[in-house]
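So you can see what is in the structure, the chains are spelled out below.
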Amino acid sequence: MTQPTIGRIVHYVSYGSAGGEYKPACRAALVTEVREDDIGLGVINPTGLFFDRQVRESDEHTGGTWHWPCVITTEQEAADEDR
Ligand SMILES: [Zn+2]
């Protein structure tokens, strides 16, 4: 498993809205700190930046987690990544 290092770009999964109007979505995020169990991120949203600390890795695409950006090779994979 590749370890994140400060300055790398990962994906942060935004929280969807409580009413479901907005689904969780992948956002680009800059690694700002690295600890044993979690990392800090500067998250780049289309409409602005925010910072979060103690973000845990997960491949489940749940809100508030990070994962390595996928390598997209098919349209279906692109659709899956975009959900
Ligand atoms: Zn992603």
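Residues numbered from 1 in each chain as written. Predicted model: local features only at pLDDT ≥ 70, side-chain atom pairs only at ≥ 80, totals over all residues.

A.B. asks: Can you explain the overall build of the protein chain? Please cite residues and give values.
C.D. replies: Scanning the protein chain for helices and strands turns up one helix and five strands. Shown N-terminal to C-terminal, the secondary structure of the protein chain runs as helices and strands in the order β-β-β-β-β-α. For the protein chain, whose C-alpha radius of gyration is 13 Å, the value lies close to the compact-globule estimate of 12 Å for 83 residues. Counting all 83 residues of the protein chain, 12% fall into the buried class. For the protein chain, the proportion of contacts with a sequence separation of at least 24, taken over those separated by at least 6, is 35%. (Helix = DSSP H or I, 4+ residues; strand = E, 2+ residues; numbered from the N terminus. Rg over C-alpha atoms; globule rule 2.2 N^0.38 Å. Buried ≥ 20, exposed ≤ 12 C-beta atoms within 10 Å, placed from the backbone. Contact = placed C-beta atoms within 7 Å.)

A.B. asks: Quick rundown of the sheet that holds strand S2 (residues 26–34)? Include the residues and the values.
C.D. replies: Here we have five strands rolled up into a closed barrel, ordered S1-S2-S3-S4-S5, and mixed in their pairing. Geometrically, the sheet is characterised by an average inter-axis angle of 50° between neighbouring strands, direction not taken into account. Strand direction decides the pairing type here: S2 and strand S3 (residues 39–45), joined by six bridges, are antiparallel. Across the sheet, residue Val 34 finds its bridge partner in S3, namely Ile 39. (Pairing = 2+ DSSP bridges. Axes fitted to C-alpha atoms, helices over the stretch in contact; angles between N-to-C directions.)

A.B. asks: Quick one: what's the story with the environment of Arg 27, residue by residue and with numbers?
C.D. replies: Inspection of the secondary structure assignment puts Arg 27 in strand S2. Each C-alpha atom of the pair Arg 27 and Pro 46 lies 8.3 Å from the other, and the pair is 19 residues apart in sequence. In this structure Arg 27 touches His 11, Tyr 12, Ser 14, Val 43, Ile 44 and Asn 45, once residues within four positions along its chain are discounted.

A.B. asks: Which residues make up the nonpolar core, and what values go with them?
C.D. replies: Listed in full, the nine residues of the largest apolar core are Val 10, Tyr 12, Val 13, Ala 29, Ile 39, Leu 41, Val 43, Val 55 and Trp 66. At the level of secondary structure, the elements contributing two or more residues to this core comprise strand S1 (9–13) and S3. Sequence-distant contacts of Val 43, that is, excluding residues within four places in its chain, are made with Tyr 12, Arg 27, Ala 29, Leu 49, Phe 50 and Asp 52. (Core = buried A, V, L, I, M, F, W, Y, C linked by C-beta atoms within 7 Å.)

A.B. asks: Describe the pairing of S3, listing the residues and the values that go with them.
C.D. replies: The antiparallel hairpin formed by S2 and S3 contains four residues in its connecting segment. Note: S3 against strand S4 (residues 48–57), six bridges, orientation antiparallel. Each bridged residue has a counterpart across the sheet, and for Gly 42 the counterpart in S4 is Phe 51. Taking the residues that link successive antiparallel strands as the turn, the S3-S4 hairpin has two residues.

Note that every value here comes from positions in space, so none of it alone points to a role or purpose.
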